[in-house]
Amino acid sequence: MFAALRTPRNPLLICVTLVSALLVAACQPVPGTGSGPSVEAGTAVPVALLVPAGSGNTGDETLAASLKQAAQLAISDLNGVKIDLRVYNTGAGPEQAAAMATKAVDEGAKIILGPVFAESANAAGLAVASRGVSVLSFSNNTDIAGGNVFVLGPTFPNTANRLAQFASAQGKRSILIVHDQTPAGTIGAGAVQSAVARSGAAVAGIASYPFSQQGIIEAMPTISGRVKAGGVDAIFLTADTAGALPLLAQMLPENGVNPGQVKFIGLTRWDIPSATLALPGLQGGWFAMPDPNLNSRFKERYETAFGAAPHPIAGLAYDGIAAIGALVKSGRPDALGRAALTQPSGFVGVNGIFRLRPDGTNERGLAVAEIRNGQAVVIDAAPRSFGMAGY
């Protein structure tokens, strides 16, 4: 059943479940200029939206349309702020993304929203860095963050921190990290290790497996043996549903690891696709998700407006416009400069509160959910401000 484990490019599984297609090496963010382009109060602010249309990939076209519609919905919700949204297609690769970013700024764009894929976002940022224009990319790859490039996508460190802090507070003080032998798995494991250390808990060990069915089968005696040896309160899994998670959820209990005694924790979204929630081995497990109330309202409004459900990462386009609108509303000429973009109070979007950090990464307020009888039940609500405990 799980004979072929592979990492897809589909952003449904990239940006939402945090797999490796957005994780690229050798990205070189460059220093930003700080103040950003001047914004004239009372006039429509040109905003460039870079979407992955024109690649010839049907999934990319669908995603591009959903991002555009989500941005349009956000603009309609702005009060007293005018946004001149200009859409540019990034095509199949970073070269086109760089060219479109340059074209957008030449045509007056004050800020760039997008692109989706990490290499394209990095290229776009490099292309306009000397122009003082910031790029709010939809990537979740923190390697490209910095200088004039910010990532809006959910990141491994943010999710790991939320879950590790919660687990530690619930008495899960000794955590085994289990990860794929892939770039995403290795990066995810590093984020979890750092988060566990910050939480005050301890890492009981780090176990990995080759990214194949046979690799998991062969590694399982070592992984389960470590748990059965004692001193493990929880297992933090980096795998997602498109990869090893279903097989791990099946084989860990079959090899004597009782999820009723050792808590399973997921770095990825276990509610997407929803069929994951039915996996017997994940019942009682914890994962993090955006504020479900805000997200549900966005989905309902989007479907009413456009007659179809939004793409799972479309909300990032809404969040980007919401942040830009809130800043422009201040009337300051430097409203889109780095100091404004990284204000500590952050912003509110359809995925809850979020803020951009000076290093180009982001921090999002997440809820913690537990799987109960095939349903995701929030057991620790998402914070509503960064002044709450833990922020």
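Here's what I pulled together on the structure shown here. Since this is a predicted model, take the numbers as computed values, not measurements.

1. Observations concerning the sheet that holds strand β12 (residues 352-356)
Sheet architecture is open: three strands sit in the order β11-β12-β13, paired in antiparallel fashion. A strand with exactly one partner marks an edge of an open sheet, and here the two such strands are β11 (347-349) and β13 (362-364). For this sheet the average axis-to-axis angle between neighbouring strands, irrespective of direction, equals 30 degrees. Taken together, the three bridges between β12 and β13 define a ladder with antiparallel strand orientation. Across the sheet, residue Phe-354 finds its bridge partner in β13, namely Arg-364.

2. Things to note about helix α8 (residues 245-254)
Spacing of three or four residues puts side chains on the same side of an α-helix, whose turn is 3.6 residues. For α8, the buried fraction is high: seven of the ten residues fall into the buried class. Within α8, the full set of buried residues consists of Leu-245, Pro-246, Leu-247, Leu-248, Ala-249, Met-251 and Leu-252. Among the structural elements, β7 (202-209), α7 (213-228), β8 (234-237) and β9 (263-266) are those in contact with the buried residues of α8. Gly-256 sits one or two positions beyond α8 and adopts a positive phi of about 90 degrees.

3. Focus on the environment of Ile-144
By the element assignment, Ile-144 lies in the loop between β4 (135-137) and β5 (149-151). Exposure remark for Ile-144: the relative accessible area of 0% places this residue in the buried category. Counting along the chain gives 19 residues from Ile-144 to Gly-125, while the straight-line C-alpha distance between them is 9.0 Å.

4. Considerations on the pattern of salt bridges
Taken as a whole and judged by the stated rule, the model has 13 salt bridges. Asp-106 is the salt-bridge partner of Arg-131, the closest N and O atoms lying 2.9 Å from each other. Residue Arg-131 is located in the loop between α4 (118-128) and β4, and its partner Asp-106 is located in helix α3 (residues 94-106); the two are separated by 25 residues in the primary sequence. What makes Asp-106 exposed here is its relative accessible area of 54%. Where Arg-364 meets Asp-319, a salt bridge forms, and the shortest distance between an N and an O atom there is 3.1 Å. Here Arg-364 is found in strand β13, whereas its partner Asp-319 is found in helix α10 (residues 315-328), with 45 residues between them in sequence. A relative accessible area of 5% means that Arg-364 is categorised as buried. Three or more residues joined by partner-sharing salt bridges are found here, namely Lys-263, Glu-370 and Arg-372.

5. Remarks on unusual backbone geometry
Look at the link from Gly-114 to Pro-115: it is a cis peptide, with omega at -5 degrees. With respect to the helices and strands, Pro-115 occurs in the loop between β3 (111-113) and α4. The peptide bond linking Ile-272 to Pro-273 adopts the cis configuration, its omega dihedral lying at -5 degrees. Mapped onto the elements of the fold, Pro-273 is located in the loop between β9 and β10 (286-289). Positive phi values are uncommon outside glycine, yet Asn-373 reaches one of about 50 degrees. Along the chain, Asn-373 turns up in the loop between β14 (367-372) and β15 (375-380).

6. Quick look at the packing of helix α2 (residues 58-77) against α10
Closest axis-to-axis distance for the α2/α10 pair is 7 Å, and the angle between their directions is 35 degrees. The chirality of how α2 crosses α10 is right-handed. Here α2 contributes Leu-67, Ala-70, Ala-71, Leu-73, Ala-74, Ile-75 and Asp-77 to the contact with α10, which in turn contributes Ala-317, Tyr-318 and Ile-321. Broken down by class, the residue content of the contact of α2 with α10 amounts to nine nonpolar, no polar and one charged.

7. Some remarks on the pairing of β7
Alignment of strand β6 (residues 174-180) against β7, held across seven bridges, turns out to be parallel. Within the sheet, the bridge partner assigned to His-179 lies in β7 and is Ser-208. For the crossover from β6 across helix α6 (residues 183-199) to β7, the handedness is right-handed.

Cut-off values and rules
Residues numbered from 1 in each chain as written. Predicted model: local features only at pLDDT ≥ 70, side-chain atom pairs only at ≥ 80, totals over all residues. Heavy atoms only, no water. Pairing = 2+ DSSP bridges. Helix = DSSP H or I, 4+ residues; strand = E, 2+ residues; numbered from the N terminus. Axes fitted to C-alpha atoms, helices over the stretch in contact; angles between N-to-C directions. Buried < 20%, exposed > 50% of the residue type's maximum accessible area, 1.4 Å probe, protein only. Contact = heavy atoms within 4.5 Å. Salt bridge = Lys/Arg side-chain N within 4 Å of Asp/Glu carboxyl O. Left-handed = near helix turned anticlockwise from the far one by under 90°. Nonpolar A, V, L, I, M, F, W, Y, C, P; charged D, E, K, R; others polar. Right-handed = clockwise from strand over helix to strand, strands pointing away.

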